[in-house]
Amino acid sequence: MITYQKLRQNEPLAPSLLGMTMPAFDELYPVFEAAHQRRLKEHSMTKRTRMVRQRVTGAGARHRYDLRDRLLMTLFWRHVHTTFAFIGFFYELDATNVEDNIKDVLVTLAHLAIGQFALRCTPTEHPKLRSPQAVLAAFPDVRLVI
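Below is a short write-up of the structure. Since the model is a prediction, treat every value here as computed from it, not as a measurement.

1. Looking at the packing of helix α4 (residues 67–80) against helix α6 (residues 95–112)
Reasoning step 1: For the pair α4 and α6, the least separation of the axes is 9 Å and the interaxial angle reads 90 degrees. Between α4 and α6, the interaxial angle falls into the category roughly perpendicular. Contacts between α4 and α6 involve Arg-70, Leu-71, Met-73, Thr-74, Leu-75, Trp-77 and Arg-78 on the former and, on the latter, Val-98, Asn-101, Ile-102, Asp-104, Val-105, Leu-106 and Leu-109.
Reasoning step 2: Tallied by class, the residues present in the contact of α4 with α6 amount to nine nonpolar, two polar and three charged.

2. Details of the pattern of salt bridges
Between side chains of opposite charge, a pair can form as their charged atoms come close.
Reasoning step 1: According to the stated counting rule, one finds four salt bridges in the structure shown.
Reasoning step 2: A salt bridge links Glu-11 to Arg-8; the shortest N-O distance between them is 2.2 Å.
Reasoning step 3: For Arg-8, a relative accessible area of 26% translates into the label partly exposed.
Reasoning step 4: A salt bridge links Lys-103 to Glu-99; its shortest N-O distance comes to 2.8 Å. With Lys-103 and Glu-99 both in helix α6 and four residues apart, the pair spans about one turn of that helix.
Reasoning step 5: Under the relative-accessibility criterion, Lys-103 is labelled partly exposed at 47%.
Reasoning step 6: Within the structure, one salt-bridge network assembled from shared partners comprises Arg-8, Glu-11 and Asp-26.

3. A look at the packing of helix α5 (residues 84–91) against α6
Reasoning step 1: One way to put it is that α5 packs onto α6 with a least axis distance of 8 Å and a crossing angle of 100 degrees. In this view, α5 runs roughly perpendicular relative to α6, as classed from their interaxial angle. Contact residues: α5 offers Phe-84, Ala-85, Ile-87 and Gly-88, while α6 offers Ala-95, Val-98, Glu-99 and Ile-102.
Reasoning step 2: When grouped by side-chain class, the residues that make up the contact of α5 with α6 number six nonpolar, one polar and one charged.

Conventions adopted
Residues numbered from 1 in each chain as written. Predicted model: local features only at pLDDT ≥ 70, side-chain atom pairs only at ≥ 80, totals over all residues. Heavy atoms only, no water. Axes fitted to C-alpha atoms, helices over the stretch in contact; angles between N-to-C directions. Helix = DSSP H or I, 4+ residues; strand = E, 2+ residues; numbered from the N terminus. Parallel < 35°, antiparallel > 145°, perpendicular 65-115°, else oblique. Contact = heavy atoms within 4.5 Å. Nonpolar A, V, L, I, M, F, W, Y, C, P; charged D, E, K, R; others polar. Salt bridge = Lys/Arg side-chain N within 4 Å of Asp/Glu carboxyl O. Buried < 20%, exposed > 50% of the residue type's maximum accessible area, 1.4 Å probe, protein only.

Encoded structure:
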């Protein structure tokens, strides 16, 4: 599994796994953590049943990994674009738990709007490229070789 402690011991791997250096991650994390805690405190309804909370946010079961490692998991997923099951194999979690963790972190990252973390569009917003001309128009730096 890719944890903060393991990645700290081998920092040169960070750009290839996360798409950023460890100093950049260390700069992002405090901002992310504050935004994440603020976002969680604003929720007055439960996620699943959409009913008014009876307990404070965070009073339920604890996550297997702390927030820093869940942010690493999300950045790894965004960088390598793989399946939740694949990430679950590395983190010894079920794919649905990975999906829940990643979606929760992505919501906070989307609210941050810091540089590359501003999620500009969702996959459904990309137009379908049905011809070589459409691919060339969408990606002018790419040339098709047949």
